[in-house]
Amino acid sequence: MRKILTIAGSDSCAGAGIQADIKTIQALGAYALSVITAVTAQNTRQVTAVREIEALVIEKQLEAIFSDIRLDGIKIGMLGRAGTVQAVSNFLASFFQAGAFWEKQLKNSLPLVVDPVMIAKSGDRLLEEEAVESLKKNLLPLASVITPNLMEAGALLGREISSLEEMKEAARELLEFGCQWAIVKGGHLKGEPVDVLANKDSLYLLRGQRVDTNCNHGTGCTFSAALATLMGQGLAVPAAAKRAKAYVEYCLEHGFAIGEGVGIPHHFAAQRPWKPEALKDGSDAAKEEF
Ligand SMILES: Nc1ncnc2c1ncn2[C@@H]1O[C@H](COP(=O)(O)OP(=O)(O)OP(=O)(O)O)[C@@H](O)[C@H]1O
Ligand SMILES: [Mg+2]
């Protein structure tokens, strides 16, 4: 089983963040590992508190994983503050440089998807202002793919992006930060949710159907986690991005409400839950009393 690491924040209502990533990675048939960068208190209506994890504890989590487990892909989501961006970037940069014992590292082919999370759907800020410069300088150059939404692409480039033409220009321009691929996500466009994918040689339009739903908590987390997983399973970036988008659409189609606000995309709609119908000893567990 391929092993995919998510480095992100916890969402207590589990529609986004590390919880959405773990569900996505497992739903796509890989094993999910996690490094928690922040804890958010949130429900379907709002974020009520954010507490970042100290850099040393983040480094320890990274060290614990990298010193033992050979990964197939990494996704980075919410980092929160400049110190966290710095700690994660430094760790990964020295790891990529050392490269020593992993063949994959020597080929520099471990997929690294960076979702530059800045603001939650509820409007709450998830990356402090000072962290944006560090993100651009230290983390984006390490990325195989970056996946900003319209607002984040705008913040990275310092101008508003609101049309498909502007998304195409933005996707190409984002490559100047040193990432190999950039996807500008069009979930916030009116009408068809087109994403634009670019590398230095080519540009793809990823078209999809808009699902008319408010069960869209964490679509961005789900998309980037799916992308890292599918790349980790060996797909090239354009094919992985197309499938990741189709997976998000599928989760949205089966979304459901858990509270009074925004609903949750269903990450496991394709799977049936395990039921203890027949035990090995022949007894019927469903009828047993516990
Ligand atoms: N209603 C929808 N129907 C179909 N696809 C959608 C819809 N909303 C978003 N998408 C797709 O979901 C993916 C995530 O895009 P989106 O623009 O929502 O990211 P985001 O703003 O980062 O999300 P989040 O607020 O969860 O961080 C993209 O591939 C986008 O095209
Ligand atoms: Mg997002």
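Residues numbered from 1 in each chain as written. Chains lettered and ligands numbered in written order. Predicted model: local features only at pLDDT ≥ 70, side-chain atom pairs only at ≥ 80, totals over all residues. Heavy atoms only, no water.

The name that an unreviewed UniProt entry assigns to the protein chain is Hydroxymethylpyrimidine/phosphomethylpyrimidine kinase, with the source organism given as Syntrophomonas wolfei subsp. wolfei. The UniProt entry for the protein chain carries this comment under Sequence similarities (unreviewed entry): "Belongs to the ThiD family." (UniProt positions renumbered as here; feature names shortened; annotations may be inferred.)

Caption draft 1: View of the packing of aromatic side chains. Taken as a whole, this structure holds three aromatic pairs when the rule is applied. Taken together, a centroid distance of 5.1 Å and an interplanar angle of 70° make the contact between Phe66 and Phe91 edge-to-face. In this pair, Phe66 is assigned in helix H2 (residues 55-66) and Phe91 in helix H3 (residues 82-98), connecting sequence segments 25 residues apart. Judged by its relative accessible area of 3%, Phe66 falls in the buried class. (Phe/Tyr/Trp six-rings, centres within 6.5 Å; stacked < 30°, edge-to-face > 60°. Helix = DSSP H or I, 4+ residues; strand = E, 2+ residues; numbered from the N terminus. Buried < 20%, exposed > 50% of the residue type's maximum accessible area, 1.4 Å probe, protein only.)

Caption draft 2: View of empty space enclosed by the protein. Considering all chains together, one arrives at one cavity of 30 Å³ or more under this definition. The space that makes up the largest cavity amounts to roughly 40 Å³. As for the largest cavity, its lining consists of Gly77, Met78, Leu79, Val114, Asp115, Pro116, Val117, Leu127 and Leu135. Among the residues forming the lining of the largest cavity, the class breakdown is seven nonpolar, one polar and one charged. (1 Å grid on protein atoms, 1.4 Å probe; cavity = no way out; pocket = protein on both sides within 12 Å on 5 of 7 lines; lining within 4 Å. Points joined across faces, edges and corners; volume = space filled by probe spheres on them. Nonpolar A, V, L, I, M, F, W, Y, C, P; charged D, E, K, R; others polar.)

Caption draft 3: A look at the layout of surface pockets. Estimates place the volume of the largest pocket at around 980 Å³. Considering the residues around the largest pocket, the lining is formed by 48 residues, among which Lys121, Asn216, Gly218, Thr219 and Gly220 are closest to the centre. At the level of secondary structure, the elements contributing two or more residues to the lining of the largest pocket comprise strand E1 (3-11), helix H1 (17-27), strand E2 (31-42), helix H6 (150-157), helix H8 (219-232) and helix H9 (237-253). Considered class by class, the residues forming the lining of the largest pocket number 16 nonpolar, 20 polar and twelve charged.

Caption draft 4: Just the site of ligand 1, in detail. By nearness alone, 18 residues border ligand 1, and Lys185, His188, Asp195, Val211 and Lys245 come closest of all. Protein chains bury 95% of the 620 Å² of accessible surface belonging to ligand 1 in isolation. The element that contributes the greatest number of residues to the shell around ligand 1 is H9, accounting for four residues. Partitioning the shell around ligand 1 into residue classes produces five nonpolar, seven polar and six charged. (Near = heavy atom within 4 Å. Areas by Shrake-Rupley, 256 points an atom, 1.4 Å probe, with all protein chains shown as cover.)

Caption draft 5: Main features of the pairing of strand E4 (residues 73-76). Of the two faces of E4, the one carrying Gly73 and Lys75 and the one carrying Ile74 and Ile76 are both buried. Taken together, the four bridges between E1 and E4 define a ladder with parallel strand orientation. Looking at E4, one finds that Thr6 is bridged to Lys75. Bridging between E4 and strand E5 (residues 112-114) involves three bridges; their strand directions are parallel. Each residue of the ladder has a partner; that of Ile74, found in E5, is Leu112. (Pairing = 2+ DSSP bridges.)

Caption draft 6: Region of the structure containing H1. Listing the buried residues of H1 in full gives Gly17, Ile18, Ala20, Asp21, Thr24, Ile25 and Ala27. Taken together, the buried residues of H1 touch E1, E2, E4, H8 and H9. Gly29, located one to two residues past H1, shows a positive phi value of around 90°. (Contact = heavy atoms within 4.5 Å.)

Caption draft 7: View of the sheet that holds strand E9 (residues 203-206). Taken together, the nine strands give an open sheet; going across it, the order is E3-E2-E1-E4-E5-E6-E7-E8-E9, and neighbouring strands pair in mixed fashion. On the outer flanks of this sheet lie strand E3 (47-52) and E9, each paired with one strand and no other. Packing against the sheet, H1 makes contact with E1, E2 and E4, and its axis sits at approximately 150° to E1. The strands that H8 touches are E1, E4, E5, strand E6 (145-146), strand E7 (181-184) and strand E8 (195-198); relative to E4, the one it contacts most, it runs at about 165°. (Axes fitted to C-alpha atoms, helices over the stretch in contact; angles between N-to-C directions.)

Caption draft 8: Expanded view of H9. Taking 1.5 Å of rise per residue, 17 residues should cover 24 Å, and H9 covers 24 Å from first to last C-alpha, within 8% of that figure. Every buried residue of H9 is listed here: Val237, Ala240, Ala241, Ala244, Lys245, Tyr247, Val248, Glu249, Cys251 and Leu252. If you follow the buried residues of H9, they end up packed against H1, E6, E7, E8, E9 and H8. (Expected span 1.5 Å × (residues − 1).)

Caption draft 9: Representation of the side chain of Asp11 in the model. Inspection of the secondary structure puts Asp11 in strand E1. Put simply, Asp11 is tucked away with no salt bridge, and the nearest opposite charge, on Lys23, sits 7.9 Å away. Within polar-contact distance, the side chain of Asp11 engages the backbone nitrogen of Gly15 at 3.2 Å. When near neighbours in sequence (up to four residues on either side) are disregarded, Asp11 contacts Ala16, Gly17, Gln19, Thr40, Gln42 and His217. (Lys, Arg positive; Asp, Glu negative; His and termini not counted. Salt bridge = Lys/Arg side-chain N within 4 Å of Asp/Glu carboxyl O. Polar contact = N/O pair within 3.5 Å; in protein donor to acceptor, adjacent residues only side chain to side chain.)

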